[in-house]
Each structure stands twice: as C-alpha cells, then as structure tokens.
Amino acid sequence: MTAINNLSVLISPNLLPYLLHTCSITHQAGFFSTPFPIMKIALVDDSVFSRKQLASILKDRFGEEAELVHFGRSAEAVEAIPTGDYTAVFLDLVMPPPDGFATLEHLRQAGYERPIIVCSADIQATTKERCRILGATAYVEKPFSKEKTFAAIEEVGL
Amino acid sequence: MSTLLTNVPEAVRDALIEVANIGTGRAAAAMSELLGNHVVIEVPSLEFFHFDPAASIAEFQEQATVQIIQEFVSGLQGRAVLILSKQGAIGVADRLLDEELNEEAFGPTAQSAILELGNILIGGLTGSLGNVLGISLTYAPPEIQVRGDEHLLIGSWHRSEPLGIIVKAALRLEGCDISSYLAIVLSTESFNFLTQKLQDAI
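Asker: Hey, could you go over the state of the cysteines for me, with residue numbers and the actual values?
Answerer: Residue and element names in this part refer to chain A. This model, assessed by the stated rule, comprises zero disulfides over all chains. Of all cysteine sulfurs, the one in Cys131 lies closest to Cys119, which takes part in no disulfide; the gap is 10 Å. Judged by its relative accessible area of 0%, Cys131 falls in the buried class.

As structure tokens, this is what we get:
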C-alpha cells in the first residue's frame with residue numbers, strides 16, 4: 001500500500017477513495033496495475049447529438065479515467081443508476097417521460113447521493129431553483145462548452 | 001395591424017419588443033457558440049394572425065422547410081418554432097457535425113443535431129422571456145418536421161381561437177446564405193396575459 005499512498009499526493013482527494021477501492025481489489029488478486037477507468041459517468045439525454053458533444057468534452061477532461069455510459073431514455077437511467085456505482089450523472093431536463101425533473105427526483109429518492117449535473121437549454125431562474133430544490137448539484141446551460149462544463153465539474157468536486 | 005395589437009399600448013409593445021430582443025440576443029449567442037459564425041439579428045417584429053400563419057413568413061412559401069417546434073406545457077399556452085429552409089438546415093447540420101451532408105443524408109443524426117439547435121435557441125428566447133416577465137415556462141420535448149409549407153408553424157396544433165405570433169425574429173449566419181426564423185405563437189388568452197404582465201411591470 002506504500003506505493004498507493006505515495007500516489008495520493010498526485011491525485012485529487014475526491015478520486016482517492018475510488019482509486020484505493022479499485023487498487024485494493026487488484027492488489028488482493030495478486031497483481032498491481034493502473035486501474036482505468038476510475039470513474040463511471042452517466043449521460044442522460046434523449047438527444048444523440050447532445051450526448052456526443054458532452055462526451056467529447058468529458059473525454060478531453062478525463063481521458064480514459066472516465067467510463068461514459070449513454071442513456072437515450074431516462075426510464076433506463078432511472079433503473080440503472082441507483083445500483084450502478086455511478087460517480088456522477090449529467091442529466092438533460094426536457095425529455096419524453098420521465099422528464100429530467102422526475103428523473104432527478106426519482107434518483108434522489110432512490111438514494112443516489114453523488115453529483116447530478118443538470119444540463120439544459122432552459123435558462124429560466126425558476127427552472128434552476130426547482131432543480132436545486134429537487135437535489136441537483138450543479139446546472140450547465142446548453143449549448144455545451146468546455147468552460148461551462150469544466151466549471152460545473154469543479155463545482156461538484158469531480 | 002390587427003385589432004388585438006392596436007389595443008396594446010405603445011409602451012407595452014415597445015417593452016415586448018425589448019424583451020424579445022433580449023431573448024433573440026441570447027438565442028443568437030447560443031447559435032454563434034455552436035456554429036462558430038457571427039449571427040446577424042434582425043430587430044424582432046410583433047405580428048398577429050388569425051388562421052394563416054404561413055403568410056407571415058413569405059420567404060419560405062416556395063421551399064421545403066425544417067421546423068423545430070416546442071410546446072409550452074405550462075406558464076403560457078402556445079409554442080415556439082425555429083424555421084429554416086431545408087437547404088439551410090442541411091448547411092447548419094454540416095457545421096454542427098463537421099461533415100458534408102447532402103439532402104439524402106439528412107437522416108437521424110443530422111436531424112438530432114438540428115433538433116438540439118432548435119431546443120437551445122428556443123430555450124434562449126423563451127427562457128429570457130420567462131426570466132424578465134417572471135413567468136415560469138415548462139416545455140414539452142421539441143419535435144422536428146421536415147415538410148413543405150402547407151402546415152408552416154401550426155403543424156397539428158389546431159385551436160378554435162385565433163393565435164398570435166408575438167415575436168418573429170430572423171437570425172442570419174454571417175458568411176453563408178443561411179437564415180432562420182424564431183417565432184413564438186400564443187393563444188389570445190396567453191397573449192393578453194403576457195401584455196398584462198408587461199403593463200404591470202412598466
């Protein structure tokens with residue numbers, strides 16, 4: 001574990017628990033290797049174009065450290081995310097039912113406690129407030145840009 | 001000008017155009033951010049029609065159009081529409097996807113890109129309107145229609161009462177021949193509600 005502890009000076013404190021968890025599994029299995037990916041991020045958006053744009057930005061930021069899981073249908077995300085060990089969720093708002101509000105509410109009620117970053121073209125203050133009340137951790141206005149997305153990532157401590 | 005609009009005080013109409021200007025600016029900024037071109041904005045106009053909305057946007061009478069339509073679920077009764085000629089939509093999809101498309105290739109991926117563009121521009125325009133007027137709008141998912149001009153703007157949304165376009169704004173991409181129109185179509189009741197909100201605010 002010494003080698004792992006030394007690594008801690010080089011990586012974000014927020015990532016350390018995940019790294020240690022993964023390393024301990026590989027260590028017990030009798031070998032040590034760099035564990036990638038160390039994050040699993042859900043992209044929930046009915047727009048293929050929008051998911052591709054976001055994925056491209058997240059790849060720039062995290063490279064192979066993040067596994068990006070695409071959900072074109074929010075109903076599938078609602079089923080998979082609470083038990084899927086997701087590090088964070090990027091969630092669109094305006095989608096066929098369940099919409100982003102309902103999905104957000106459901107994920108929080110199901111016990112999902114990690115960051116949920118709402119992404120929407122809806123720039124209304126009332127919408128942002130509603131998301132905050134429902135448990136959103138951050139809000140990114142579309143269109144996506146690196147600056148806005150990275151700022152949200154910093155804000156939630158990813 | 002219709003009776004409905006002439007009944008609206010000048011100050012309210014000015015305020016409505018100003019609010020529309022803010023929203024259009026927001027939409028244009030988003031379009032420019034997505035496409036990388038400067039977007040030229042024409043001053044939004046207020047218009048009103050009864051049953052022939054197609055006549056309002058004569059530029060598209062002879063062309064196939066791509067329309068992205070998003071209904072308001074609450075806050076106001078109506079819909080917002082982004083209209084492009086089909087050729088314009090293909091040109092925009094080219095830029096968004098960074099690949100050369102022809103008319104036959106205007107398939108699901110290109111349509112998804114245009115749909116998202118519409119969602120963003122409509123969100124910019126109507127979201128600004130909501131913010132300024134203190135109205136909370138919620139939206140249905142946007143829909144795309146690729147068709148001739150026979151159902152321009154109205155689509156399948158038929159109401160017995162007259163409808164008003166309160167905003168018609170043209171966004172032109174500088175450096176290429178692509179124009180688009182954003183329009184908000186409201187029921188008379190919502191139009192009256194909106195003008196009352198403005199009257200209260202000024």
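Asker: Could you give me a rundown of the sheet that holds strand β2 (residues 66-71) of chain A, with the residues and numbers involved?
Answerer: Residue and element names in this part refer to chain A. Spatial strand order, β2-β1-β3-β4-β5: five strands in an open sheet with parallel pairing. Two strands in the sheet have a free side with no partner beyond their single neighbour: β2 and β5 (138-141). Ignoring which end each strand starts from, the neighbouring axes of this sheet average 20° apart. Taken together, the four bridges between strand β3 (residues 88-92) and strand β4 (residues 116-120) define a ladder with parallel strand orientation. Counterpart to Val89 in the pairing with β4 is Ile116. With respect to the sheet, helix α3 (residues 48-62) is in contact with β1 (39-44), β2 and β3, its orientation differing from that of β2 by roughly 170°.

Asker: Any chance you could break down the side chain of Ser74 of chain A for me, citing the residues and the numbers?
Answerer: All names here are of chain A. With respect to the element layout, Ser74 can be found in helix α4 (residues 74-80). The exposure class assigned to Ser74 is buried, which follows from its relative accessible area of 4%. At 2.6 Å, the side chain of Ser74 forms a polar contact with the backbone oxygen of Pro98.

Asker: Mind laying out the interface of chain B and chain A, listing which residues take part and the relevant values?
Answerer: Opposite the 27 residues of chain B that make contact, chain A presents 23 residues. Between chain B and chain A, roughly 1,800 Å² of surface is buried when both sides are summed, and carbon and sulfur atoms account for 58% of that area. For the chain B face of the interface with chain A, the top three residues by lost area are Glu33, Glu116 and Asn131 of chain B, together amounting to 25%. Taken together, the links from chain B to chain A amount to three salt bridges. The salt bridge partner of Arg26 of chain B is Glu141 of chain A, with a shortest N-O separation of 2.1 Å. The interface formed by chain B and chain A includes 10 residue pairs in polar contact (both at pLDDT 80 or more). For the side of chain B that touches chain A, the secondary structure elements donating two or more residues are α2 (10-35), α3 (86-97), α4 (108-133) and β4 (138-139) of chain B. Ranked by residue count, the leading element in the side of chain B that touches chain A is α4 of chain B, at 12 residues. Here the side of chain B that touches chain A is built from residues that sort into 12 nonpolar, 12 polar and three charged.

Calculation rules
Numbering of residues starts from 1 in every chain and runs along the sequence as written. Each chain is given a letter, starting from A, and each ligand a number, starting from 1, according to the order in which they appear as written. Local features in this predicted model are restricted to residues whose pLDDT is 70 or higher, and side-chain atom pairs enter the listing and the counts only when it is 80 or higher, whereas totals over whole chains, interfaces and linings include all residues. Side-chain descriptors were evaluated using all non-hydrogen atoms of the structure, hydrogens and water having been removed beforehand. Pairs of cysteine sulfur atoms within 2.5 Å are what we label disulfides. A simple rule labels every residue: compare its accessible area, found with a 1.4 Å probe on the protein chains alone, to the largest value its type can have, and call it buried under 20%, exposed over 50%, or partly exposed in between. When DSSP finds at least two bridges between two strands, those strands are taken to pair. A helix here means a DSSP run of H or I that spans at least four residues, while a strand means a run of E at least two residues long, and both kinds are numbered starting from the N terminus. All axes are obtained by fitting lines to C-alpha atoms, using only the stretch in contact for helices, and the reported angles, taken between N-to-C directions, cover 0 to 180 degrees. Residues are treated as being in contact if the distance between any of their heavy atoms lies within 4.5 Å. Counting of polar contacts relies on pairs of N or O atoms within 3.5 Å, with two restrictions inside protein: one atom must be capable of donating a hydrogen and the other of accepting it, and residues adjacent in sequence are counted only when both atoms are side-chain atoms. Reported buried area values correspond to the accessible surface (1.4 Å probe) lost by two parts on association, with both partners' losses combined. We define a salt bridge as a contact between a side-chain nitrogen of Lys or Arg and a carboxyl oxygen of Asp or Glu at a distance within 4 Å. Residue polarity is assigned by list, with Asp, Glu, Lys and Arg as charged and Ala, Val, Leu, Ile, Met, Phe, Trp, Tyr, Cys and Pro as nonpolar; anything else, Gly included, falls into the polar class.

Geometric descriptors of this kind do not, in isolation, establish any biological role.
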